[in-house]
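# Coordinate inspection notes
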Amino acid sequence: ALAEAPAGSLAASISYECYSVVTSGGKTVGQLVGDCVIFSPAVALDGSLELCLAKTSTVPVNPAFKEPTMSLKEVKDGKTTFSVLSGVITTKSSGASICAKVKSAGTYCPAARY
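Residues numbered from 1 in each chain as written. Predicted model: local features only at pLDDT ≥ 70, side-chain atom pairs only at ≥ 80, totals over all residues. Heavy atoms only, no water.

Here the focus is the sheet that holds strand E7 (residues 89–92). Ordered by their spatial adjacency, 3 strands build an open sheet running E4-E8-E7, and the pairing between neighbours is antiparallel. Each edge of the open sheet carries a strand with a single partner, namely strand E4 (49–54) and E7. Mean inter-strand twist for the sheet, computed between neighbouring axes without regard to direction, equals 35°. (Pairing = 2+ DSSP bridges. Helix = DSSP H or I, 4+ residues; strand = E, 2+ residues; numbered from the N terminus. Axes fitted to C-alpha atoms, helices over the stretch in contact; angles between N-to-C directions.)

Below, the structure written as structure tokens:
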């Protein structure tokens, strides 16, 4: 089912296609489902840590994108891309948060994919 956005909110006037920006191999395979976070450790990490990001209930979700995933936002030559993060993806709080192991600095976003 599609998430219901509050009347008058920005999400209420935007369809899920606008969030469908997650790519793999040059093809759209998913969409963003929450706010991104910039992860920037002050020192190099010896190992990875678990990063959990909440899904936003007001983001309309394409029903074809059922698998939770984490995406990595990258800007190269003025073009922004969101790629599927490799590795094990888990959920917490009955699916309200999407979690992944991260070690490198970057901008990470909760997403859903095929």
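This next bit is on the pairing of strand E2 (residues 27–32). As paired strands, strand E1 (residues 22–24) and E2 are joined by 3 bridges and run antiparallel to one another. Looking at E2, one finds that Ser-24 is bridged to Lys-27. Between E1 and E2, which follow one another and run antiparallel, lie 2 residues, and Gly-25 among them has a positive phi close to 60°.

Here we come to the nonpolar core. The biggest cluster of nonpolar side chains holds 13 residues, and the ones touching the most others in it are Leu-51, Leu-53, Met-70, Leu-85, Val-102 and Tyr-108. When contributions to this core are tallied by element, the ones reaching two or more residues are E4, strand E5 (67–76), strand E8 (97–102) and strand E9 (106–113). At 3 residues, the largest contribution of residues to this core is made by E8. Here Tyr-108 is in contact with Cys-36, Val-37, Phe-39, Leu-51, Leu-53, Met-70, Ser-71, Leu-72, Leu-85 and Val-102, once residues within four sequence places are set aside. Grouped together as the second largest cluster of nonpolar side chains are 6 residues, Val-22, Leu-32, Cys-109 and Ala-111 included. (Core = buried A, V, L, I, M, F, W, Y, C linked by side-chain atoms within 4.5 Å. Buried < 20%, exposed > 50% of the residue type's maximum accessible area, 1.4 Å probe, protein only. Contact = heavy atoms within 4.5 Å.)

A word on the pattern of salt bridges. Within this structure, the stated rule accounts for 1 salt bridge. Put simply, Lys-92 and Glu-50 hold a salt bridge, and the shortest N to O gap is 2.8 Å. Here the residue Lys-92 occupies a position in strand E7, and Glu-50 occupies one in strand E4, the gap between them amounting to 42 residues. Judged by its relative accessible area of 38%, Lys-92 falls in the partly exposed class. Look at Glu-50 and you get partly exposed, because its relative accessible area is 35%. (Salt bridge = Lys/Arg side-chain N within 4 Å of Asp/Glu carboxyl O.)

Glancing now at the pairing of E9. With 7 of its 8 residues buried, E9 lies for the most part within the structure. One ladder, built from 3 bridges, connects E2 with E9; its direction is antiparallel. If you follow Gly-30 over to E9, its bridge partner there is Arg-113. Here 3 bridges tie strand E3 (residues 37–39) to E9, and the two strands are oriented antiparallel to one another. Each residue of the ladder has a partner; that of Phe-39, found in E9, is Gly-106. Here E5 runs beside E9; their pairing, made up of 7 bridges, is antiparallel. When the sheet's bridge partners are listed, Thr-69 is paired in E9 with Ala-111.

Remember that the coordinates give geometry; whether it matters functionally is a separate question.
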